[in-house]
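The chain contents come next:
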Amino acid sequence: MSTRVVLFGVLALAVNLRAALAGYPPLIETVRADLGVDAGTAGLVQSGAVLMMAVGSFVGPMIGARLGRERALGWSVGLIALGSLVRGVPALAALIAASLVIGLGIGLAGVLLTGVVKHHLAARAGAVTGGYVVSMMVGATVASALGVPLAIALGGWSFSLAVWTVPAVLAVAAWTPIARRIAEPTSAAAAAGARRALPWRDPFARRSACYQAGTSMMFYGWITWLAPYYEGQGWSPQHAGVLLAAWSVTQIPSALVVPALAERRRRWRFWASTTLACGIAGTVGAILLPQPPGIGPWLWVVLLGIGVGAGFPLGLAVIAWRTPDGHASAATSGLALGVGYVAAALAPLVMGLLIDLTGGYPAALALLVAAGLLQAGAVWRIGDHPRAGDHSADGRTVSPASRPGP
């Protein structure tokens, strides 16, 4: 089958890997008022979803090996559709349970996608990774911008959240015939490999996990609390939703261009450091001067978008470059994403608790600065080439003489 057809299927699935999460934050204050919950509980909804993303990341390699990566990928997006549908029930229990299902689906899909890209689209892994992350961002942007208008038009926040069932169902319908054509036979060796422990002893895998922890905390902290933060600065919910959508839009060129540049020039550390510096600067600026005279928060939003936009695809791309095959890529990314999502799951919850305890946002946003510093340390340690003593995900030790790019 043509690689273009496979790429189309990957992009269609990826649209759904952020939309359901991005549609919730602009509605947080409405949900709180309707259900009578505090900020910590509202943050728990998003934190629970991200925690289940970690679970999905940890078990994804095993499920992919047993069912076949391609088939399991379709089922995982089907879980997103199911969770989105259940969110149509306007009750706290339904909202939390559905968010857990959505998070599990997203976690599984994220790991399985890296394996599919490594096996079927390896020739341009960096560019393809940037492409499907952009697709995710497009879904997030649309969901952020339409969250409040859909709630008004459809008569409630729950109906607005349930809308995202439709693109998930359509993506699964498009992917299913593609998966049947490209699916690999599930071998006993692959299944046995999937049952091995995740590569905790691999120094590169641990550094990747620290990197993903930092970038995921930055992303999920801001996607949850950017709109509420500026509502607290006097913005209306509709305008705060547009601000969140603008943050998502600015991520797109960064996610699309930066991984391709890092792949072409073999300068991963330079690009990862530069874009991370933008994200930290935007966070510090938002804390110290939320609305600069004349330009408002738009400068901070752009810097934040550059930082988190490039961060996630760069982390996935370097894994694709340094692992030998699709199963190894899935295992390493499963560890990195799983650890990253565990850390990210804590960010919205802890930030909500800090907001409740302090009566404001500075302490909560300072947590994101700390996350950026953690990511910076990982960037320096990962570097542009494998280090002596690193192991590939199949257990082989990397020597100083053999340094696969970037």
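Computed from a prediction, not measured in an experiment: that's the story for all the values here.

Undergrad: Provide a residue-level description of the environment of V59, including the pertinent values.
TA: Mapped onto the secondary structure, V59 falls in helix α4 (residues 39–67). C-alpha separation for the pair V59 and G334, spaced 275 residues apart in sequence, amounts to 7.6 Å.

Undergrad: Account for the environment of L353, naming residues and giving values.
TA: Tracing the chain through its elements places L353 in helix α15 (residues 326–358). For L353 and G43, which are 310 residues apart along the polypeptide, the C-alpha to C-alpha distance reads 8.4 Å.

Undergrad: Could you give an account of the packing of helix α11 (residues 203–231) against helix α12 (residues 237–265), naming the residues involved and the relevant values?
TA: The interhelical angle for the contact between α11 and α12, taken along N-to-C directions, is 145°, at an axis separation of 8 Å. Here the hand of the crossing between α11 and α12 comes out right-handed. For the pair α11 and α12, contact is made by F219, W222, I223, L226, A227, Y230 and E231 and by P237, A240, L243, L244, W247 and Q251, respectively. Of the residues in the contact of α11 with α12, the class split is 11 nonpolar, 1 polar and 1 charged.

Undergrad: Give a detailed account of the packing of aromatic side chains, specifying residues and quantitative values.
TA: Using the criterion set out here, one finds 10 aromatic pairs in the structure. Note on Y211 and W268: the rings are 5.6 Å apart at their centroids and 50° apart in plane angle, and the pair reads as tilted. Remark: W268 occurs in helix α13 (residues 268–288) and Y211 occurs in helix α11; sequence separation between them is 57 residues. Arranged with centres 5.4 Å apart and planes meeting at 35°, the rings of F219 and W247 form a pair that is tilted. Pair noted here: F219 is in helix α11 and W247 is in helix α12, with a separation of 28 residues, a long-range link. Like F219, the residue W247 is buried in the burial classification. By the ring-pair criterion, three or more aromatic residues cluster together here, those being W225, Y229, Y230, W235, W298 and Y361. Above the face of the F270 ring, R267 is positioned so that its terminal group lies 4.3 Å from the ring centre. Here the basic side chain of R269 rests over the ring of W380, its NZ or CZ set 4.1 Å away from the ring centre.

Undergrad: Give me helix α1 (residues 3–14): which residues, what numbers.
TA: Across its 12 residues, α1 extends 16 Å between first and last C-alpha, which sits within 8% of the 16 Å expected from 1.5 Å per residue. Among the residues of α1, V6, G9, V10, A12, L13 and A14 are the ones counted as buried.

Undergrad: So what's going on with the side chain of T215? Which residues, and what values?
TA: Among the secondary structure elements, T215 is positioned in helix α11. Setting aside chain neighbours within four positions, we find T215 in contact with G311, F312 and Q375.

Undergrad: Give a detailed account of the nonpolar core, specifying residues and quantitative values.
TA: Membership of the largest hydrophobic core comes to 88 residues, with the highest contact counts inside it found for Y132, W175, Y220, W222 and W247. Examining the composition of this core, we find that 12 residues originate from one element, α11, more than from any other.

Undergrad: An account of a nonpolar patch on the surface is needed here, citing residue identities and associated values.
TA: There is a patch of nonpolar side chains on the surface, built from V138, V142 and L146 and spanning about 200 Å² of accessible area. Turning to its location among the elements, L146 is positioned in helix α7 (residues 125–154).

What counts and what doesn't
- Residues numbered from 1 in each chain as written.
- Predicted model: local features only at pLDDT ≥ 70, side-chain atom pairs only at ≥ 80, totals over all residues.
- Heavy atoms only, no water.
- Helix = DSSP H or I, 4+ residues; strand = E, 2+ residues; numbered from the N terminus.
- Axes fitted to C-alpha atoms, helices over the stretch in contact; angles between N-to-C directions.
- Left-handed = near helix turned anticlockwise from the far one by under 90°.
- Contact = heavy atoms within 4.5 Å.
- Nonpolar A, V, L, I, M, F, W, Y, C, P; charged D, E, K, R; others polar.
- Phe/Tyr/Trp six-rings, centres within 6.5 Å; stacked < 30°, edge-to-face > 60°.
- Buried < 20%, exposed > 50% of the residue type's maximum accessible area, 1.4 Å probe, protein only.
- Lys NZ or Arg CZ within 6 Å of the ring centre and 35° of its normal.
- Expected span 1.5 Å × (residues − 1).
- Core = buried A, V, L, I, M, F, W, Y, C linked by side-chain atoms within 4.5 Å.
- Patch = residues over 30% accessible without salt bridge, like charges linked within 9 Å, V, L, I, M, F, W, Y side chains within 5 Å.
- Areas by Shrake-Rupley, 256 points an atom, 1.4 Å probe, with all protein chains shown as cover.
- Salt bridge = Lys/Arg side-chain N within 4 Å of Asp/Glu carboxyl O.

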